[in-house]
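What the coordinates show
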Amino acid sequence: MTQETAARRHAPGRGRGLPARLLANPATALSLAFLFLVTLVVFGGEPLAPRDPNHSSLHDILVGPGGDYPLGTDGAGRDVLSRLLVATRISVLAALLALAVALLLGVAGGMLAGYYGGWFDTVSTWLTSLVMSLPAIVVLLAARAVLGPSVWLSMAIFGVILSPVFFRLVYSLVSSVREELYVDAARVSGLGDARILGRHILAVVRAPIIIQAAIVTSTAIAIQSGLEFLGLGDPSVPTWGSMLNEGFANIYRAPMLLLWPAVAIALTSVALAVLANTLRDELEGGARPAGGPQTAEDGPRETAHAPVRHRPEETGTGRELLSVRGLRVGYRTPAGVREVVHGIDLSVDRGEVHGLVGESGSGKTQTAFAVMGLLSRGGRVLAGSAVFEGNDLLAGGEADRARVRGRGIGYVPQEPMSNLDPSFTIGSQLVEPLRVCLGMDRRAARARALGLLERVGIPDPERTFSAYPHQVSGGMAQRVLIAGAVSTEPALLIADEPTTALDVTVQAEVLDLLRDLQQDLDMGVLLVTHNFGVVADLCDRVSVMRSGHIVESGPTREIFRDAEHPYTQSLLDSILDGGSARGPLAPTDRKDVDR
Ligand SMILES: Nc1ncnc2c1ncn2[C@@H]1O[C@H](COP(=O)(O)OP(=O)(O)OP(=O)(O)O)[C@@H](O)[C@H]1O
């Protein structure tokens with residue numbers, strides 16, 4: 001079975017609504033059917049009870065199932081079926097009461113504290129910590145001693161004890177969403193807080209709340225049954241727990257008494273757990289926005305036509321360094337494997353800059369990460385090879401790739417600031433790889449790091465060496481990362497949008513630096529970018545990527561002169577329409593730029 005077939009098989013119900021997708025899973029369908037039955041009993045079961053659940057008949061004590069009593073009678077001569085029907089109603093409604101209290105306090109508190117912050121945040125976080133520090137069982141026992149054995153009261157109190165579960169969940173989600181630009185945009189557009197909370201924020205927290213609700217309900221059922229089983233409930237109110245208690249008292253004489261409530265509790269808890277699990281997969285992992293990236297089973301959106309190749313016989317400088325063939329990358333999702341790179345070919349030669357250009361989401365970064373063995377969790381190479389200096393990096397193990405990273409292949413990331421550890425000085429972050437990769441002693445590594453800082457145009461290398469990342473500008477941080485990437489003189493440098501996070505003047509400086517270093521060290525460079533202007537500035541060859549495919553590749557000049565694929569033409573049009581290209585750079589004082 002091919003991986004794609006496997007992906008299809010594991011993708012039931014793709015493209016259908018949530019209810020259809022839930023029903024497509026047999027375990028979830030069974031759970032839903034059982035919960036539906038429980039709901040029917042909760043809301044319509046009591047009138048069906050053949051007798052009064054509390055009516056005792058001294059003549060019919062511990063009668064076995066059958067005849068007048070389909071499920072038999074208990075030790076007090078009460079009809080077990082009638083008690084089970086009423087107990088189902090009471091146990092489930094009491095658990096739902098706990099859920100309602102927990103939701104009300106937790107969700108409302110979490111939303112308000114997360115959204116408004118300030119004193120509300122301080123007070124509610126303090127209260128939540130207080131409630132969490134209380135041992136639930138001790139509180140419930142104390143409440144029973146003071147307030148009496150009411151299942152409703154104990155479940156309402158248990159709801160308060162459970163509310164921090166929702167509070168923490170909602171609080172952390174809302175705190176992270178509050179700063180999002182679209183929330184600011186909603187504020188700016190004049191929407192009131194209530195509307196923003198209801199429309200933008202609730203939408204984010206809805207799915208986790210639904211999932212948590214199923215888990216909390218089953219916890220409430222378990223705790224309530226435990227308390228009643230211990231005889232702490234009201235003996236006049238039939239519940240699953242009190243029936244368990246009764247069954248346990250007669251376990252040798254009528255073992256079936258224990259079976260009915262035990263089955264009811266177990267099946268309801270399992271059904272809720274299965275439902276929560278599937279809901280989590282569907283709501284948190286499986287949702288795919290319309291027009292979002294395709295999945296393996298969707299088939300490539302960009303038709304699998306052979307890419308337009310300009311002068312395929314010409315291989316850059318003729319000294320092939322990296323050769324990627326048929327690379328396919330996919331991410332595991334609950335709905336199957338989602339393929340994001342669909343079998344691409346690419347090569348980089350020693351001494352050339354090869355641009356990998358395309359719009360956001362086209363698969364450029366995943367291609368680069370796959371070569372370096374840095375795919376995120378859930379991502380894997382589905383097929384293909386990446387031969388670097390004669391070794392297939394994808395065929396070898398992680399240890400082989402780790403050996404090549406840093407030594408044979410250097411990497412310059414997109415976000416300079418987030419790629420430097422704020423806890424260490426820049427110097428120590430440069431020295432460490434030199435000592436580990438090249439086995440240098442501390443003095444030699446320090447001297448080399450200082451030399452590299454000077455080489456990449458840092459005005460005061462000593463000062464920058466002892467500075468922490470937050471003490472330098474974005475442009476300087478990127479120079480530092482470039483210095484680190486070339487410090488081991490790698491044969492191949494992979495630069496992923498190295499100038500995106502920088503302002504325009506610094507961008508030009510960094511690109512010039514990359515070109516200089518590439519020529520000095522005779523490196524091959526794979527430059528990932530969405531900007532054809534950068535390609536024009538720097539690249540010898542270019543591959544144009546769209547929706548996980550390479551649609552056109554060839555020497556940069558040729559592509560600029562004679563692009564054939566409509567997508568390449570549209571990318572070119574977008575830069576050529578934008579105005580004239582910049583003139584040659586005037587020699588600038590780098591100190592001014594970076595300061
Ligand atoms: N961790 C992940 N899990 C699932 N899908 C992912 C993950 N990371 C990336 N993808 C998907 O892979 C596809 C290609 O992403 P990639 O990062 O390679 O795009 P890109 O061309 O580099 O664009 P950008 O410049 O915006 O990063 C996207 O559709 C993205 O949603």
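How each quantity is defined
- Residue positions are counted from 1 within each chain, in the order its sequence is given.
- Restriction of local features to residues with pLDDT of at least 70 applies here, the model being predicted, together with a cutoff of 80 or more for giving and counting side-chain atom pairs; totals for whole chains, interfaces and linings are based on all residues.
- Neither water nor hydrogens contribute to the side-chain values; these are computed over all heavy atoms in the structure.
- For the purposes of this entry, the term helix denotes a DSSP run of H or I that reaches at least four residues, the term strand denotes a run of E that reaches at least two, and both are numbered from the N terminus.
- The buried label applies to any residue whose accessible area, calculated with a 1.4 Å probe on protein chains only, is under 20% of its type's maximum; exposed applies above 50%, and partly exposed to all values in between.
- Here the axes come from fitting lines to C-alpha atoms, over the contacting stretch only for helices, and the angles between their N-to-C directions go from 0 to 180 degrees.
- In a left-handed crossing the near helix is turned counterclockwise from the far helix by less than a right angle, and in a right-handed crossing that turn is clockwise.
- Contacts were defined at the residue level, with two residues in contact if any of their heavy atoms lie within 4.5 Å.
- Gly falls in the polar group here, along with every residue not listed as nonpolar (Ala, Val, Leu, Ile, Met, Phe, Trp, Tyr, Cys, Pro) or charged (Asp, Glu, Lys, Arg).
- Throughout, the term near means that a residue has one or more heavy atoms lying within 4 Å of the molecule or strand in question.
- We call two N or O atoms a polar contact when they sit within 3.5 Å, provided that within protein one can donate a hydrogen and the other can accept it, with sequence-adjacent residues counted only if both atoms are side-chain atoms.
- Note on areas: Shrake-Rupley with a 1.4 Å probe; residue coverage comes only from the protein chains shown.
- A carboxyl oxygen of Asp or Glu within 4 Å of a side-chain nitrogen of Lys or Arg is what we treat as a salt bridge.
- Here, any two strands with at least 2 DSSP bridges between them count as paired.
- UniProt positions are given in the numbering used here, feature names are shortened, and annotations may be inferred rather than shown by experiment.
- Every helix has an expected span of 1.5 Å times one less than the residues it contains.
- Here, the term nonpolar core denotes a set of buried Ala, Val, Leu, Ile, Met, Phe, Trp, Tyr and Cys residues that are joined through side-chain atoms within 4.5 Å.
- Pairing of aromatic rings covers Phe, Tyr and Trp, the last counted by its six-membered ring, and requires centre-to-centre distances within 6.5 Å; plane angles under 30 degrees mean stacked, over 60 mean edge-to-face, and any other angle means tilted.

Let's talk about unusual backbone geometry
Not every positive phi belongs to a glycine, and Glu489 is a case in point at roughly 50°. Structurally, the position occupied by Glu489 is in the loop between helix H17 (474-486) and strand E8 (492-496). Of note in this structure, Asp522 is not a glycine but carries a positive phi near 55°. Among the secondary structure elements, Asp522 is positioned in the loop between helix H18 (504-521) and strand E9 (524-529). Under the relative-accessibility criterion, Asp522 is labelled partly exposed at 32%.

Some details on the packing of helix H6 (residues 136-147) against helix H7 (residues 151-178)
Between H6 and H7, whose axes approach to 10 Å, the crossing angle comes to 145°. At the point where H6 passes H7, the crossing takes the right-handed sense. Here Ala136, Val139, Leu140, Ala143 and Leu147 of H6 come into contact with H7, specifically with Leu153, Ser154, Ile157, Phe158 and Ile161. Residue classes in the contact of H6 with H7 are distributed as nine nonpolar, one polar and no charged.

Details of the site of the ligand
Around the ligand there are 14 residues in total, and Ser360, Gly361, Lys364, Thr365 and Gln366 lie nearest to it. The contact in question runs from an oxygen atom of the ligand to an N or O atom on the backbone of Gln366, over 2.9 Å. Summarising the interface, the protein chains cover 71% of the accessible area of the ligand, which totals 630 Å² for the free molecule. For the shell around the ligand, the elements supplying multiple residues, two or more each, are strand E3 (336-349) and helix H12 (364-372). Looking at the shell around the ligand residue by residue, the class counts come to three nonpolar, seven polar and four charged.

As for the pattern of salt bridges
One pass over the full model with this rule turns up 13 salt bridges. Across the pair Arg78 and Asp74 runs a salt bridge whose closest N-O atoms are separated by 3.0 Å. On the accessibility criterion, Asp74 (2% relative accessible area) is buried. Taking the shortest distance from any N to any O, the salt bridge between Arg448 and Glu489 comes out at 3.7 Å. Residue Arg448 is found in helix H15 (residues 442-455), and its partner Glu489 is found in the loop between H17 and E8; the two are separated by 41 residues along the sequence. Residues joined in a network through salt bridges with shared partners are Asp74, Arg78, Arg83 and Glu246.

With respect to the side chain of Thr73
Here Thr73 is to be found in the loop between helix H3 (26-44) and helix H4 (80-116). Among the residues examined, Thr73 registers a relative accessible area of 1% and is labelled buried. At 3.1 Å, the side chain of Thr73 and the backbone nitrogen of Leu62 are in polar contact. A polar contact of 2.7 Å, which involves the side chain of Thr73, links it to the backbone nitrogen of Val63. Once residues lying within four places of it in the same chain are set aside, the contact partners of Thr73 are Asp60, Ile61, Leu62, Val63, Arg78, Asp79, Val80 and Leu257.

Focus: the environment of Leu141
By the secondary structure assignment, Leu141 is in helix H6. Along the primary structure Leu141 and Leu227 are separated by 86 residues, whereas in three dimensions their C-alpha atoms are 8.6 Å apart. Non-local contacts of Leu141, meaning those with residues more than four positions away in its chain, are made with Leu227 and Leu232.

Focus: the sheet that holds strand E2 (residues 320-333)
Strands sit in the order E3-E2-E5-E6 across an open sheet of four strands; the sheet is antiparallel. With partners counted over all chains shown, the strands left at the sheet margins are E3 and strand E6 (391-392), one partner each. Here strand E5 (residues 379-388) pairs with E6 via two bridges, running antiparallel. Within E6, the position partnered with Phe388 by the bridge is Asn391.

Topic: the UniProt feature "transmembrane region" (unreviewed entry) in the protein
According to UniProt, the positions carrying the feature "transmembrane region" (unreviewed entry) are residues 22-43, 90-116, 123-145, 151-171, 201-223 and 258-279. Taken as a whole, residues 22-43 contains 95% helix and 0% strand, while its terminal C-alpha atoms sit 24 Å from one another. For residues 258-279, the end-to-end C-alpha separation is 32 Å, with 100% helix and 0% strand making up the annotated structure.

A word on H15
The terminal C-alpha atoms of H15 lie 20 Å apart, and with 14 residues this matches the ideal 20 Å at 1.5 Å per residue to within 8%. Buried residues belonging to H15 abut helix H14 (426-438), helix H16 (461-466) and H17. Looking one or two residues beyond H15, the residue adopting positive phi is Gly457, at roughly 85°.

Considerations on the nonpolar core
Counting 58 residues, the largest nonpolar core has Phe158, Phe166, Ile201 and Trp240 as the members making the most contacts within it. For this core, the secondary-structure elements that each account for two or more residues are H3, H4, H6, H7, helix H9 (193-229), helix H10 (240-249) and helix H11 (256-286). Broken down by element, the residue count for this core peaks at 14 residues, all from H4. Beyond its immediate chain neighbours, meaning those up to four positions away, Ile201 contacts Met111, Tyr115, Val174, Val177, Val183 and Ile196. If you look at the next biggest cluster of nonpolar residues, it comprises 51 residues, including Phe465, Ala467, Ala485 and Ala563.

With respect to the pairing of E3
For a regular strand, the rule is simple: side chains alternate between the two faces of the sheet. For E3, the buried fraction is high: 11 of the 14 residues fall into the buried class. Both E2 and E3 contribute to a ladder of 11 bridges, which runs antiparallel. Bridging across to E3, Gly330 finds its partner in Glu339.

Observations concerning the side chain of Ser385
Residue position: Ser385 is located in strand E5. What makes Ser385 buried here is its relative accessible area of 18%. Ignoring sequence-local partners within four residues, the contact set of Ser385 consists of Ser323, Val324, Arg325, Asp392 and Leu394.

Overview of the packing of aromatic side chains
For the structure shown, the criterion picks out six aromatic pairs. With centroids separated by 5.6 Å and ring planes inclined at 65°, the aromatic side chains of Trp119 and Phe120 adopt a geometry described as edge-to-face. With a relative accessible area of 65%, Trp119 lands in the exposed category. When the centroid spacing of 5.6 Å and the interplanar angle of 10° are considered together, the rings of Phe167 and Tyr171 count as stacked. Pair noted here: Phe167 and Tyr171 are both in helix H7, with a separation of four residues, about one helical turn. Taking the relative accessible area as the measure of exposure, Tyr171 reaches 23% and is therefore partly exposed.

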